[in-house]
Amino acid sequence: MNWKDYEETTKFIYETLGKDKGVSIECYGNSCKVVGKSTVEHQIDVLTKHSDGIHEYKTAIECKYWNDNINKDIIMKVAEIVEDAGLNKGIIVSKKGFTKDATDFAKYRNIGLVELREMNEKDWEGRIKDIVLNMNMLIPEITKMDLVLNENTEPNFHQGMTRVEFLEIKSEDKNLTVEGIIKEFTNELLKQEENKEHKKIVKFDSETKIVYKPTEQILPIRGMKFTGFLRIAKEKIEIKGEDHIWLIMKSIFENKTYTISKNGEIHERPNE
């Protein structure tokens, strides 16, 4: 993240948090400027506005992506801009934090202070940061399925390549289906040794027939042959805490804390 990303992220956070309260972004970035009573033009990082139906309120947000604590001089500068431009509120968002003098003076001048930064190891103390899951998935695989037809029948379809949904069993047993037989064989595979070939023949009574749906061909069938094995797929899944909690935002005077994920989800965090 650089200062420009930091500014845009701040704009996104205030825009998202303010949406339900009627707060919107009037402008942000280098082109966001206001003219004060002094006739001096001031550049504002993020300018928000909202209305109570009678009055319009504007807040200037100053973003400081600095590696040092913000001192009282910055507070004084923002306070002067707010007063000169006739704005209602000023907020300073800092990556590092604020000196004690800055905090005391900001409270005196009603300037909001917000610390917005990436999570560090101390923030994760007492919490689970990363989760690693080593998964072994049992995958039954049917490698071959053949239809056992009467010797005097000549099917016009390839037994080994026929799609399951093209087949329908005609039998006195109404519960006998191709899908059910396959499911039963699959369940058997789950009980086999890993990578060991397993075969099965399912026999039908003499009145059973198979329907090949594309051509409506009906043939006597004696049974079905299956071959398959049980494969164990190993997979490692890593869930990183930083993907779910990227930034932490603390509103110092309001005593509120928010977490922000990399995909833009914002959640208020209970104070401890």
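For the structure itself, look to the data block above.
Residues numbered from 1 in each chain as written. Predicted model: local features only at pLDDT ≥ 70, side-chain atom pairs only at ≥ 80, totals over all residues. Heavy atoms only, no water.

What follows deals with the state of the cysteines. One pass over the full model with this rule turns up one disulfide. The disulfide bridge from C27 ends at C32, spanning 2.0 Å between sulfur atoms. Residues C27 and C32 share a disulfide whose torsion about the S-S bond is about 50°; that sign makes it right-handed. Judged by its relative accessible area of 18%, C27 falls in the buried class. Here C32 falls in the buried class, since its relative accessible area comes to 0%. Between C63, a free cysteine, and C32, which holds the nearest cysteine sulfur, the sulfur-to-sulfur gap is 11 Å. (Disulfide = S-S within 2.5 Å. Buried < 20%, exposed > 50% of the residue type's maximum accessible area, 1.4 Å probe, protein only.)

With that settled, consider a nonpolar patch on the surface. A contiguous nonpolar surface patch, about 410 Å² in accessible area, is contributed by I128, I131, L133, M135 and I239. Inspection of the secondary structure puts I128 in the loop between β7 (111-118) and β8 (130-149). A residue is classified by how much of its surface remains accessible, and I128, at 65% relative accessible area, is exposed. (Patch = residues over 30% accessible without salt bridge, like charges linked within 9 Å, V, L, I, M, F, W, Y side chains within 5 Å. Areas by Shrake-Rupley, 256 points an atom, 1.4 Å probe, with all protein chains shown as cover. Salt bridge = Lys/Arg side-chain N within 4 Å of Asp/Glu carboxyl O. Helix = DSSP H or I, 4+ residues; strand = E, 2+ residues; numbered from the N terminus.)

This brings us to the side chain of S261. Within the secondary structure, S261 is located in the loop between β14 (256-260) and β15 (266-269). Reaching out from S261, the side chain makes a polar contact with the side chain of N263 at a distance of 2.3 Å. Ignoring sequence-local partners within four residues, the contact set of S261 consists of D243, H244 and W246. (Polar contact = N/O pair within 3.5 Å; in protein donor to acceptor, adjacent residues only side chain to side chain. Contact = heavy atoms within 4.5 Å.)

Quick look at the side chain of T208 now. As for its position among the elements, T208 is in the loop between β10 (198-203) and β11 (209-212). Within the structure, T208 has its side chain in polar contact with the side chain of D205 (distance 3.0 Å). Not counting the four nearest positions on each side in its chain, T208 is found in contact with I169, K170, S171, P220 and I221.

Two elements in contact, helix α2 (residues 72-85) and helix α3 (residues 100-108), have axes whose closest approach is 8 Å; the angle formed by their N-to-C orientations is 25°. Our classification of the angle between α2 and α3 gives roughly parallel. Contacts between α2 and α3 involve K72, I75 and M76 from the former and D101, A102, F105 and A106 from the latter. Grouping the constituent residues of the contact of α2 with α3 by class yields five nonpolar, no polar and two charged. (Axes fitted to C-alpha atoms, helices over the stretch in contact; angles between N-to-C directions. Parallel < 35°, antiparallel > 145°, perpendicular 65-115°, else oblique. Nonpolar A, V, L, I, M, F, W, Y, C, P; charged D, E, K, R; others polar.)

Now for the pattern of salt bridges. Pairing between side chains becomes possible if they bear opposite charge and their charged atoms approach one another. Tallied over the entire structure, the rule returns 12 salt bridges. Between E15 and K11 there is a salt bridge; the shortest N-O distance is 3.2 Å. Here the residue E15 and the residue K11 both occupy positions in helix α1 (residues 3-18), the gap between them amounting to four residues, near one helical turn. Residue E15 is classed as partly exposed on the basis of its relative accessible area of 30%. Where D146 meets K144, a salt bridge forms, and the shortest distance between an N and an O atom there is 3.5 Å. Classification of K144 as partly exposed rests on a relative accessible area of 47%. Among the ionic contacts, a cluster of salt bridges with common partners joins E184, E188 and K200.

Let us now look at the nonpolar core. With 21 residues, the main nonpolar core has I44, L47, I75, I92 and I111 as its most contacted residues. For this core, the elements supplying multiple residues, two or more each, are α2, α3 and β7. With seven residues, α2 is the single largest residue contributor to this core. Not counting the four nearest positions on each side in its chain, I75 is found in contact with I92, A102, F105, A106, I111 and L113. (Core = buried A, V, L, I, M, F, W, Y, C linked by side-chain atoms within 4.5 Å.)

None of the figures reported here should be taken as evidence of function without further support.
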